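Structure at a glance
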Amino acid sequence: MSAVGGLASVTGLPMLIAPLGATAVLLFGQPASPLAQPINIFAGYFIATLIGVGAAMVFPGLWEVSAVAVGVAIALMLMFRVTHPPAGAIPLVATASPYQGGTLFVVVLLGCISLFVLALVHHWIPPRVQYPRRID
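All values derive from a computational prediction rather than experimental measurement.

What follows covers the packing of helix H2 (residues 18-29) against helix H6 (residues 101-124). Between H2 and H6, the shortest axis-to-axis distance is 10 Å and the interhelical angle comes to 20°. The orientation of H2 relative to H6 falls into the category roughly parallel. The handedness of the crossing between H2 and H6 comes out as right-handed. Here H2 contributes Leu20, Thr23, Ala24, Leu27 and Phe28 to the contact with H6, which in turn contributes Val107, Gly111, Cys112, Leu115, Phe116, Leu118, Ala119, His122 and His123.

Right under this line is the structure:
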């Protein structure tokens, strides 16, 4: 998270969002979990950000929309088999924070890339852990 915070300091983007902390727990604590695999991380966050930003743009300021957006994001992640639980919080971030749509996409993408690259390096250092896992 220090690397993400440092990137936030350099770019001026609000990179330290709670869902990325939960992603770090999966990447570094449970790297063998299907929920921690790259496709789940990137696709899960993409779906959730798309739904969250769309909900915030179409229905600004309605808390009810936040709840529905979380449900829709979960349903789509399940449908596409790319469930990443931390991403489920992104519609809440999108509808309850001052982040603009494009900014949130950039923040989430840069955060995911940073954490993924750090996980690759971390799991490559002995004692090595196979990450990402092959899909059988």
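Applying the stated criterion across every chain yields a total of 3 aromatic pairs. Judged by centre distance (5.9 Å) and plane angle (80°), the rings of Phe42 and Phe116 are edge-to-face. Here Phe42, found in helix H3 (residues 38-58), pairs with Phe116, found in helix H6; they are 74 residues apart in sequence, far enough to count as distant. Given a relative accessible area of 27%, Phe42 falls into the partly exposed group. Given a relative accessible area of 18%, Phe116 falls into the buried group. Here the aromatic rings of Phe46 and Phe105 are separated by 6.3 Å at their centres, their planes lie at 50°, and the arrangement is tilted. Taken together, the residues span a long stretch of sequence, with Phe46 in helix H3 and Phe105 in helix H6 at a distance of 59 residues.

Rules of the game
Residues numbered from 1 in each chain as written. Predicted model: local features only at pLDDT ≥ 70, side-chain atom pairs only at ≥ 80, totals over all residues. Heavy atoms only, no water. Axes fitted to C-alpha atoms, helices over the stretch in contact; angles between N-to-C directions. Helix = DSSP H or I, 4+ residues; strand = E, 2+ residues; numbered from the N terminus. Parallel < 35°, antiparallel > 145°, perpendicular 65-115°, else oblique. Left-handed = near helix turned anticlockwise from the far one by under 90°. Contact = heavy atoms within 4.5 Å. Phe/Tyr/Trp six-rings, centres within 6.5 Å; stacked < 30°, edge-to-face > 60°. Buried < 20%, exposed > 50% of the residue type's maximum accessible area, 1.4 Å probe, protein only.

Taken by themselves, the reported measurements are silent on function.
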